[in-house]
Amino acid sequence: MTRIDLHTHSAVSDGTDPVAQLVEKAAQLGLTTLALTDHDTFAGLDEAFAAGIEYGVQVVGGFEFSTQLGGVSVHLLGYGMDVNSVSLNAELSKNRAGRKDRIPAMLAKLAQLGMPIDSQILAEQVGDSPSVGRPHIADAMIKQGYIESRREAFEKYLGASGPAYVSRYSTPLTKAIDLIHQSAGVAVIAHPWSRETKPALDEQTLAWLVQEYQLDGIEVDHQDHDAQTRSELGKIAGRLGLLATGSSDYHGLGKTNHDLGCNTTAVEVFDELMARIADKH
Ligand code: AMP
Ligand code: FE
Ligand code: FE
Ligand code: ZN
């Protein structure tokens, strides 16, 4: 039986499993196909492809692009893109620089809130990840005993309306879709109706993204979407001719309720996605 999970994170970004361990785990769970989609980086893909061969899992190269539409953060999954694309890599470098640049300001806010972060402890959480994120700060806060979980850190301090939040640069969504297409990839909006993004991504806006930018798909089956949301998004995907994917958004120990393979993508949808990638190459 085919089981396809198209959205996962490793320790290369804010997941907790090393790349090879993630692929091994996928094999153990009986997944046949896995996309590695770390935030704003391709750094784990070579290792993922090698591990895919070792463990007998089909690995699809991907990433999760930090973008914004009218100032609202939107995550965009790219698949099958040329990882040597100069324009795409230049833009991802900008996003990663934005991730680094915000850190001192966030640490200053945490210090003001009575939670100074030890720079050595933070560095240990980041490890050699080229794509530092708030989850790494959350992990340092846990290590220092300020909070119990990443979730608690986001709810109380690090979320977009939290007292330690600082915004960062991210690519305009329409430019991000174009960059993925120019590098022969396919673009799928991740968790389009998670709490923050629903108002920004109504059907009319999605229709415009299909019409003007040839958006390829939306992630329908995702843990941020309840049954009603999945049903509505599935209908919208049908009306607009969007690929409707399903995936776990696995982050290892970093996110509860996102077990590897907890949502999967239908084989017909996956075949169409791969056909679009093949067409572009
Ligand atoms: P950043 O990349 O710095 O913008 O941080 C956003 C990342 O934090 C997302 O990609 C999620 O992986 C993670 N995140 C957001 N909210 C939560 C939460 N409530 N619990 C755990 N991780 C979260
Ligand atoms: Fe993440
Ligand atoms: Fe995301
Ligand atoms: Zn993700």
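Since we're looking at a predicted model, the values are computed, not measured.

Time to look at helix 3 (residues 86–112). Its 27 residues place the ends of helix 3 40 Å apart at the C-alpha level, agreeing with the 39 Å of an ideal helix rising 1.5 Å per residue. A maximum bend of about 30 degrees is found in helix 3 at Ile-103, where proline Pro-104 lies one to four positions downstream. Here helix 3 has its buried residues at Leu-88, Glu-91, Leu-92, Asn-95, Arg-96, Gly-98, Arg-99, Arg-102, Ile-103, Met-106, Leu-107 and Leu-110. For helix 3, the secondary structure elements touched by its buried residues are strand 3 (58–69), helix 4 (119–126), helix 5 (134–143), helix 6 (150–158), strand 5 (171–172) and helix 7 (173–182).

A few words now on unusual backbone geometry. The backbone phi angle of Asp-249 is positive, close to 55 degrees, even though this residue is not glycine. Residue classification places Asp-249 among the buried residues on the basis of a relative accessible area of 2%.

Taken as a whole, this structure holds 10 salt bridges when the rule is applied. One salt bridge connects Lys-156 with Glu-152, and the closest N-O pair in it is separated by 2.6 Å. Separated by 4 residues within a single helix, Lys-156 and Glu-152 lie in helix 6, roughly one turn from each other. Judged by relative accessible area, which is 45%, Lys-156 ranks as partly exposed.

Time to look at the site of ligand 1. His-39, Arg-99, Arg-102, Arg-134 and His-251 are the nearest of the 15 residues found near ligand 1. The separation between an oxygen atom of ligand 1 and a polar side-chain atom of Arg-102 is 2.9 Å. Here an oxygen atom of ligand 1 sits 2.8 Å away from a polar atom, N or O, in the side chain of His-251. For the shell around ligand 1, the elements supplying multiple residues, two or more each, are helix 3, helix 5 and helix 6. If one sorts the elements of the shell around ligand 1 by residue count, helix 6 sits on top with 3 residues. Here the shell around ligand 1 is composed, by residue class, of 2 nonpolar, 5 polar and 8 charged. When residues of the shell around ligand 1 are assigned to domains, at least three fall in each of domain 1 (4–95 + 169–280) and domain 2 (103–158).

Conventions and cut-offs
Residues numbered from 1 in each chain as written. Chains lettered and ligands numbered in written order. Predicted model: local features only at pLDDT ≥ 70, side-chain atom pairs only at ≥ 80, totals over all residues. Heavy atoms only, no water. Helix = DSSP H or I, 4+ residues; strand = E, 2+ residues; numbered from the N terminus. Expected span 1.5 Å × (residues − 1). Bend = angle between axes of the 7 residues up to and from the residue. Buried < 20%, exposed > 50% of the residue type's maximum accessible area, 1.4 Å probe, protein only. Contact = heavy atoms within 4.5 Å. Salt bridge = Lys/Arg side-chain N within 4 Å of Asp/Glu carboxyl O. Near = heavy atom within 4 Å. Polar contact = N/O pair within 3.5 Å; in protein donor to acceptor, adjacent residues only side chain to side chain. Nonpolar A, V, L, I, M, F, W, Y, C, P; charged D, E, K, R; others polar. Domains from an automatic or database assignment.

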